[in-house]
Amino acid sequence: MSSGKQNLLSRVLNKFQNASRPQEAITPAAHAPSGSQAHERSTAFEEEMREATRVPSQVPAIWVQDHSKHHYGDTTYHTHGTANFVGSVAHAAFGPNSATTIERAFFSSGNGEFEKAVLLWDTLPKQRDTVVQQNEYLEESREDVVQDVLGWSKDPTSELALFIVGAAGVGKSTLARHLTYRLHALGQFAAFVSLSTLPSDARSPENVVKLASREIGGTHPEAIPAILEAIKSCKGAPLVEHVEMFIVESVRSLCLPHSLMVIFDAVDEYEFHATLVKALLSLPLSSSSSIKFVFLGRSDPRTRGIGNGSIRPYPLRPVSIPVMERFLTSQFNGVRWEHGRRPAPFHVTKLAELTNGLFIWATVVCSLLKKRLSRFPPDHILKSILDARKTLGDGEQLATLYHHAITLLFPDSDSREILREYLTATLALQESLPMDEFSAFTNLPTRAIESIQAELKALQIRKPGGAEDEGAQVHPAGSLFHLSFLEYLESTSTPPAIAFHVSMFSSHSQLAQFCFKELPRFLPSPHPLRLLDLDPRGRYAVTNLMTHIHYGSPLVQPDSSEEWKRSTLCATLRQTSLELLWQWADLLVDLAKPVGELCMYPDDSQDTGSDPKEPNATEGSEDDEDHDEQDAGREGDEADLTGSDHSSGTREDIDKLDALEFSDDHGPDLDEQQAGSDSESGELSWGNADHEDMEHDNRVAQLLYVVAATLKNAYISQLSPQTGCMEVAVRLRPDDAENWCFLGWTYYTAALWSRSPEAYDRGITAHRNALQGVDKYKAEDPGRLPYGLATALYKRFWEFGRPEDIDQAVAHNRDGLAMRPPGHPMRGMSLNNLANSLSTYVRERGSSLSEIDKVIGLRREALNLLPHGHEVTSSYLCNLSIDLRYRYEMTASIVDLEETLRLGRKALALRPLGHADRARHLHELAWDLTSLYEVQGNSEYLGEAILLARESLSLCPTTHPDRWDTLDTLSNALRFHPDHLDEALQLSRESLSLIPLNHSYRWEVMSTFASILRSHYELSGSAEDLEEATSVCEQALTLCPPNHVHRPKLVALKAKLVEANSSSSFKS
């Protein structure tokens, strides 16, 4: 450390040491459920509580301290959670023998069931212990909201979810905790999950679902057997099945007469919230009789295409001035006023007006006033806050307060400089570190860290960990402070007079340098290292180095990387030895444990257009087909790199790099690159480096590529090591199309998890950059590069409905096909890819007959190129039959319909009993048989359609995601048989209840339902049937795209219903 910096630290520490660290008052632990601290309750609420307690007695809960605390300012209070999991498991019924409990089974039979159950239960992730504010909810301040929520929860016709939307600081999290308390008292509470404080090892959507189920088991021990069964049966299952088994079935097992509520707070702060919310809302509406969800966040989910009719948005408004006056008055009771003189009433009113109804503003003010060892008396602080608002104005309300708080807590420039350094080191910190480790990592003395943490408690709203963690850990800033404070620090638009800017970019850059500093302490090592060999800061450096370089260094383009080359991180990376980096890579592969599986790269030959439904967003294709497009195109190059499949890469993959001739098999030859750097095609900045740097860059980029490929099946986010590795790889080799392509697929995978527009956009940009360098890339198969871009655009179209995306997907698939002329081994895949995107274009945009003819021509050519007996033949046959069906609906050509039937039979023959995809082929064939019956009237076709549809339904149990589709097909066939019309109506209603309200093709199910209601009306003459049919048909028309190929059929149905209504009115 420089002497100047030491002197500065010395001066600041001397000022801090004038007062000892605040001693926190610890009150005795209250034996009550979390959130149920004593409040003065109204008479009405007491009656509500008495009514709620009139339930049969249960096995006594075991109350244990859960290490959580309520905290604000300098006073800390312990609170206690509900029954611990061992106690809950021990008193829960287990197995088919209802006469025993786990405890009895363990002691009486000695079969170890109790031990097994406890071990199994302990595999569930736990919610992180956090610190929240004591007595922060002001009684009756949100009673109107509470009653609205309770009314919604009891309404059997209400939506599956309620989304409480409010601006930063209006008290959403406080309301969430109070709702937890009220619902618990009424017996309607299932679980509470704060998505802003998830443990680092439980951030996948599947783990969030499991975490919620653990909360359910803690509150309702009787649900534990169902949860244990879910643990055993859901390994590798899709997210929707996790939701069904861990949450829905566990609640249903309680056999309650009412639904239970699961509350998710801070939804916007969870990077995968869109995927989680979508999975929860994919449940059938019938699930709302047992489970409902309450979400709290800052933005209306409908603006992001989430939920639509399955969510009821509920705006949370700022509270009124009288309510805020009551809140301030109650908080002032905890302030040690000078000589006992409390503020005058007009000061309280003025302060309440300044809050603009934001609880976070009022809470921070009160926390500053309560600070016992403050340099200024409370009345002085209060006056300065009021005066500051008069001077600075109200345009930047929270910014003004935060600036004033920092000025009060750190009154001189020296202390604020040290504060800025501390915040820079923690703003982008990815995980907590012990204080002594953090001090060694950042070169900040522990005394300075302790003093800064003590001062910042006034702004802190939570603290992970329990009493033993107090002062022992340094946590990421995001886990401590309100989101509005973090936004204030990062904002570049705040007026300079009230700004305290801390750059996220600078934070990442500084942390990357700290990581570089750490690695030489233990690398290179003469002997192999493993996870247990590293101290916390060593593990941190290995795991997060590339993430920090990614976000702390300039972006590059294929033809522009000068800014990166001039950066300090580039110079540091070039100075780092290859031997050290190889051992770093070995450790990273050891440290980065996969926490979820996902088909990262869609197969080029996969059936992305095999039915008219949206491709699954979080799973692979239904068909286990050939190598995916990217792997197929990489075989020649990458096989030499690793000698193994990247999906199961091992430590040996990294070891083989030592013997590689890097420039021979991957990217342009170094000498050729230098020679061509001044060509007319444009000067590559990478080519301007000297040969030694270029060689180092090339080797490191190769290494990062292999590391990313080895982590291929790991859980992917924009902050994952894989993403960081590939982002740094493209910085080192911006001219390498292969690196850009792999980066594009990495973001594609992150987008599948998060549904983040940013992830989609970054992936598409990477794929565009890959195409920009394709002419310079020595690849035998450049056609896979347009495929990568087309796939990303195609998926973004399904996610956000941008018409230009499907247009571009078609164009790039055409380019890919042009790069694979007749005779190319991958031409069949490109034909199928183009047909998939063009078929979607035709359906969604209502294109001409000539375009569907082109699709069918592409399908036939792709099918003809498949070798005999190829495993994707069934999917290709199904694709062709579906497009022939579309053409039949446009032209009424019976020839197309008959060929559709023949192809459907061939496809089904290739999906024998036991095949996972047989159900889909059964109901597709059943639909075609029904259509042929409509034309020819042959009852044999109808009978066969019903039989096939029933078989398909038998293969789709209640939890099957496609059950609604099979029900729709079966009800459509049954409606033509008068004896089965009641059954058809029942099944169609079930189909409509199962398909999510936000599903793209819900309107088609509604069309079938309206048709059946019309047929039922013609048989029964029921006016209710006609009225419902008309209403459903009108709703379907509003949802149907204006140019969709099926819209004319729906319009014709509407005309028939209008005519029927007219006739009915005339008869009346």
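All values derive from a computational prediction rather than experimental measurement.

## Things to note about the sheet that holds strand β5 (residues 161–165)
So, step 1. Read across the sheet, five strands follow the order β6-β7-β8-β5-β9 without closing on themselves; strand pairing throughout is parallel. Looking along the sheet, the strands with just one partner apiece sit at the ends: β6 (189–194) and β9 (311–315). Here the strands of the sheet are splayed against their neighbours by 15 degrees on average, with no regard to which way each runs.
So, step 2. Set on the sheet, helix α7 (residues 172–185) makes contact with β5, β6, β7 (260–265) and β8 (291–297); between it and β7 the angle comes to about 165 degrees.
So, step 3. Sitting on the sheet, helix α11 (residues 273–281) is in contact with β5, β7, β8 and β9, with an inclination near 155 degrees to β8.

## Focus: the packing of aromatic side chains
So, step 1. Enumeration over the complete set of coordinates arrives at 20 aromatic pairs.
So, step 2. Where Phe-332 meets Trp-337, the ring centres are 5.2 Å apart and the plane angle is 80 degrees; that geometry is what we call edge-to-face. Here Phe-332 and Trp-337 have matching classes, each one buried.
So, step 3. Ring geometry for Phe-797 versus Trp-798: centroids 5.8 Å apart, planes at 70 degrees, classification edge-to-face. The residues Phe-797 and Trp-798 share a single accessibility class, namely buried.

## With respect to the pattern of salt bridges
So, step 1. Taken as a whole, this structure holds 40 salt bridges when the rule is applied.
So, step 2. A salt bridge links Arg-298 to Glu-487, with the shortest nitrogen-to-oxygen separation between them at 2.8 Å. You can see Arg-298 sitting in the loop between β8 and β9 and its partner Glu-487 sitting in helix α20 (residues 483–490), a full 189 residues away along the chain.
So, step 3. Asp-883 is the partner of Arg-859 in a salt bridge, and the nearest nitrogen-oxygen pair spans 2.8 Å. One end of the pair, Arg-859, is in helix α37 (residues 849–865); the other, Asp-883, is in helix α38 (residues 873–891), and 24 residues separate them in sequence. One exposure class covers both Arg-859 and Asp-883, and it is buried.

## Thoughts on unusual backbone geometry
So, step 1. A cis amide bond, omega -10 degrees, links Leu-523 with the succeeding residue Pro-524.
So, step 2. Mapped onto the fold, Pro-524 is located in the loop between α21 (504–518) and α22 (536–551).
So, step 3. Even without glycine at this site, Ala-266 takes up a positive phi of about 60 degrees.
So, step 4. Along the chain, Ala-266 turns up in the loop between β7 and α11.
So, step 5. Assessed through its relative accessible area of 8%, Ala-266 is described here as buried.
So, step 6. Positive phi, normally seen in glycine, also occurs at Asn-356, with a value near 55 degrees.
So, step 7. With respect to the helices and strands, the residue Asn-356 is situated in the loop between α13 (345–355) and α14 (359–370).

## Looking at the confidence of the model for the protein chain
So, step 1. Looking at the protein chain, the pLDDT average stands at 77 and 75% of residues meet or exceed 70.
So, step 2. Across the protein chain, the secondary-structure element scoring lowest on mean pLDDT is strand β2 (residues 65–72), at 30, and the one scoring highest is α21, at 97.
So, step 3. A low-confidence stretch, residues 594–628 (pLDDT under 50), is modelled with 132 contacts involving residues beyond four sequence positions or located in other chains.
So, step 4. Overall, residues 630–687 carries pLDDT values under 50, and its contacts beyond four positions in sequence, including any with other chains, amount to 126 contacts.

## Concerning the environment of Ile-311
So, step 1. You can see Ile-311 is positioned in strand β9.
So, step 2. Judged by relative accessible area, Ile-311 falls into the buried class, the value being 3%.
So, step 3. Each C-alpha atom of the pair Ile-311 and Ala-161 lies 4.8 Å from the other, and the pair is 150 residues apart in sequence.

## Re the pairing of β7
The side chains of a regular strand alternate between both faces of the sheet.
So, step 1. Of all six residues in β7, six are buried, a share of seventy percent or more.
So, step 2. The side-chain alternation of β7 yields two buried faces, one formed by Leu-260, Val-262 and Phe-264 and the other by Met-261, Ile-263 and Asp-265.
So, step 3. Pairing of β7 with β8, which is carried by five bridges, proceeds in the parallel orientation. Residue pairing in the sheet places Val-262 in a bridge with Phe-293 of β8.

## Observations regarding the environment of Ala-279
So, step 1. The topology assignment puts Ala-279 in helix α11.
So, step 2. Between the alpha carbons of Ala-279 and Pro-205 there is a distance of 9.0 Å; along the sequence they are 74 residues apart.
So, step 3. Ignoring any residue separated from it by four or fewer positions in sequence, one finds Ala-279 in contact with Leu-239, Val-240 and Val-243.

About the thresholds
Residues numbered from 1 in each chain as written. Predicted model: local features only at pLDDT ≥ 70, side-chain atom pairs only at ≥ 80, totals over all residues. Heavy atoms only, no water. Pairing = 2+ DSSP bridges. Helix = DSSP H or I, 4+ residues; strand = E, 2+ residues; numbered from the N terminus. Axes fitted to C-alpha atoms, helices over the stretch in contact; angles between N-to-C directions. Contact = heavy atoms within 4.5 Å. Phe/Tyr/Trp six-rings, centres within 6.5 Å; stacked < 30°, edge-to-face > 60°. Buried < 20%, exposed > 50% of the residue type's maximum accessible area, 1.4 Å probe, protein only. Salt bridge = Lys/Arg side-chain N within 4 Å of Asp/Glu carboxyl O. pLDDT = per-residue confidence, 0-100.

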